[in-house]
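Chain by chain, the residues run as shown.
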Amino acid sequence: MSLEQAEGVVRAVVVYDGRLLLVPEGDGWALPSGTPEPAESAQATAARAVYELTGYLVDGTEPLEPPDAAGETAVVCQLLSESPSDGGRFAPEQVRWAPMEETAGTPLPASVRTYLRGHTPV
């Protein structure tokens with residue numbers, strides 16, 4: 001696991017009970033994402049972005065390779081809290097836990113699609 005400073009946009013892949021965490025973006029849904037703070041790893045950026053957007057605590061555990069063509073990194077995150085705390089940018093009813101089969105129309109990086117293809121609910 002690499003803890004090097006992240007660059008570009010970092011997207012968080014949070015899967016729980018066979019569902020993927022999505023947040024509103026434009027006219028659709030997307031993975032929670034953020035840009036790194038100075039000296040922040042991709043794992044730390046993903047965890048911070050999820051908390052700031054949704055209030056859920058997660059642990060950024062594994063960057064997926066390779067980064068996409070736009071230089072975005074996706075990080076697999078483990079959910080640490082089943083209920084969000086107050087203060088996320090989006091209220092709980094504004095975020096979506098999408099069943100895997102309903103993510104086909106969601107724009108996801110190729111590395112995320114590959115990861116999700118073999119994922120089974122825990």
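The structure this text deals with has already been given above.
Reading guide: rules and limits
Residues numbered from 1 in each chain as written. Predicted model: local features only at pLDDT ≥ 70, side-chain atom pairs only at ≥ 80, totals over all residues. Heavy atoms only, no water. Patch = residues over 30% accessible without salt bridge, like charges linked within 9 Å, V, L, I, M, F, W, Y side chains within 5 Å. Areas by Shrake-Rupley, 256 points an atom, 1.4 Å probe, with all protein chains shown as cover. Salt bridge = Lys/Arg side-chain N within 4 Å of Asp/Glu carboxyl O. Helix = DSSP H or I, 4+ residues; strand = E, 2+ residues; numbered from the N terminus. Contact = heavy atoms within 4.5 Å. Buried < 20%, exposed > 50% of the residue type's maximum accessible area, 1.4 Å probe, protein only. Pairing = 2+ DSSP bridges. Phe/Tyr/Trp six-rings, centres within 6.5 Å; stacked < 30°, edge-to-face > 60°.

Caption draft 1: Here's a closer look at a nonpolar patch on the surface. Taken together, the side chains of Tyr51, Leu57 and Leu80 make up a nonpolar region of the molecular surface, amounting to roughly 310 Å² of accessible area. Here Leu80 shows up in the loop between strand S6 (73-79) and strand S7 (96-99).

Caption draft 2: Structural context of the environment of Tyr51. Structurally, the position occupied by Tyr51 is in helix H1 (residues 42-54). In this structure the C-alpha to C-alpha distance between Tyr51 and Ser85, which are 34 residues apart in sequence, comes to 8.5 Å. The residues touching Tyr51, leaving out its near neighbours within four places in the chain, are Tyr56, Leu57, Ser85, Asp86 and Gly88.

Caption draft 3: Molecular detail of the pairing of S6. The element S6 is extensively covered by neighbouring structure, given that 6 of its 7 residues are classed as buried. Here strand S1 (residues 10-16) runs beside S6; their pairing, made up of 5 bridges, is parallel. Bridge pairing links Ala12 to Val75 in S6. Bridge analysis of strand S5 (residues 58-64) against S6 gives 6 bridges, and the strand direction is antiparallel. Looking at S6, one finds that Asp59 is bridged to Gln78.

Caption draft 4: Summary view of the packing of aromatic side chains. The final tally for this structure, using the stated rule, is 2 aromatic pairs. Geometrically, the ring pair formed by Tyr16 and Trp97 is edge-to-face, given 6.4 Å between the ring centres and 65° between the ring planes. Of this pair, Tyr16 sits in strand S1 while Trp97 sits in strand S7; the two residues are 81 residues apart in sequence, bridging distant segments of the chain. Classification of Tyr16 as partly exposed rests on a relative accessible area of 30%.

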